[in-house]
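Listed below are the residues making up each chain.
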Amino acid sequence: PINKAPYTGDAWEFYFGTQYSQKFGIVNLGSQLGFGLETSGDNDITPPFFSSATLEADFEFGIPVIPLIGAGATMEIGKYSRDGKSYGNSHTGHMQGRGFGGARFVINPAFNVEATGAVIFGKHLEEDKPLYAHLKINMML
């Protein structure tokens, strides 16, 4: 069952960043640095800003299945605020790390399906969920 609470807010999340990738033989190495923020939602609470960095390696063997592995880190910056006023302790420096792996199935150059799993450790930004599974369908128009 899905807990309905995280999906009922009207908060907007913005993420700004830069990416760089370079191919080394069969390894396509990608990196990302970014900064994110979220607006207050129905509960009028705004979480701290966050910065993040990720490194990923995709192994392209010339077949439709591309294995991938990666690691990343996220750090909170600031305090929670309610109605524009800070409350609680500072979250600056709370770090979260993650390692992930999975595979991408390339159907054609514009369409692929990706499945990954991740292990999370450190100060968790929202909830204490150390394991994640993701299924993505990517389509370029």
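Structural data are supplied above this passage.
Below you will find a few notes about this structure. Just so it is clear, the structure is predicted and the values come from calculations on it, not from any experiment. (Residues numbered from 1 in each chain as written. Predicted model: local features only at pLDDT ≥ 70, side-chain atom pairs only at ≥ 80, totals over all residues. Heavy atoms only, no water.)

Focus on the overall build of the protein
Per the secondary structure count, the protein includes zero helices and ten strands. Ordered by position from N to C terminus, the α and β elements of the protein give β-β-β-β-β-β-β-β-β-β. Expressed as a percentage of its 141 residues, the buried residues of the protein come to 23%. Intrachain contacts of the protein at a sequence separation of at least 6 include 48% that bridge at least 24 residues. Working note: accessible area of the protein is about 9700 Å², and carbon and sulfur atoms make up 63% of it. (Helix = DSSP H or I, 4+ residues; strand = E, 2+ residues; numbered from the N terminus. Buried < 20%, exposed > 50% of the residue type's maximum accessible area, 1.4 Å probe, protein only. Contact = heavy atoms within 4.5 Å. Areas by Shrake-Rupley, 256 points an atom, 1.4 Å probe, with all protein chains shown as cover.)

Side note on the sheet that holds strand 7 (residues 85-87)
If you trace the three strands from one edge of the open sheet to the other, you get 3-6-7, paired in antiparallel fashion. Two strands in the sheet have a free side with no partner beyond their single neighbour: strand 3 (45-46) and strand 7. Looking at chain direction, strand 3 and strand 6 (residues 80-82) are connected through two bridges and run antiparallel. Across the sheet, Ile45 pairs through a bridge with Arg82, a residue of strand 6. (Pairing = 2+ DSSP bridges.)

Re the side chain of Asp58
Structurally, the position occupied by Asp58 is in strand 4 (residues 49-59). On the accessibility criterion, Asp58 (8% relative accessible area) is buried. Among the polar contacts listed, one links the side chain of Asp58 to the side chain of Arg104, at a separation of 3.0 Å. Setting aside residues up to four positions removed in sequence, Asp58 forms contacts with Ile26, Val27, Asn28, Ile66, Pro67, Leu68 and Arg104. (Polar contact = N/O pair within 3.5 Å; in protein donor to acceptor, adjacent residues only side chain to side chain.)

Comments concerning the sheet that holds strand 10 (residues 131-139)
Taken in spatial order, the seven strands of this open sheet run 1-2-4-5-8-9-10, and their pairing is antiparallel. Edge positions in the open sheet fall to strand 1 (13-24) and strand 10, since each of these has one partner strand only. With strand direction ignored, the average angle separating the axes of adjacent strands in the sheet is 20 degrees. Bridging between strand 8 (residues 95-108) and strand 9 (residues 111-122) involves twelve bridges; their strand directions are antiparallel. If you follow Gly101 over to strand 9, its bridge partner there is Gly117. (Axes fitted to C-alpha atoms, helices over the stretch in contact; angles between N-to-C directions.)

Thoughts on the pattern of salt bridges
It is possible for side chains bearing opposite charge to pair when their charged atoms get close. Tallied over the full model, the rule gives five salt bridges. Here Glu60 ties to Lys23 by a salt bridge, and the two come within 2.6 Å at their closest N and O atoms. Residue Glu60 is found in the loop between strand 4 and strand 5 (65-77), and its partner Lys23 is found in strand 1; the two are separated by 37 residues along the sequence. On the basis of relative accessibility, which here comes to 45%, the residue Lys23 falls in the partly exposed class. Of the charged contacts, one joins Glu114 and Arg104 as a salt bridge, the two residues approaching to 3.0 Å between their closest N and O atoms. Note that Glu114 is positioned in strand 9 and Arg104 in strand 8, a separation of ten residues in sequence. Relative accessible area serves as the criterion here: at 8%, Glu114 is assigned to the buried category. Classification of Arg104 by relative accessible area gives buried; the value is 14%. One salt-bridge network, held together by shared partners, links Glu56, Asp58, Arg104, Glu114 and Lys136. (Salt bridge = Lys/Arg side-chain N within 4 Å of Asp/Glu carboxyl O.)

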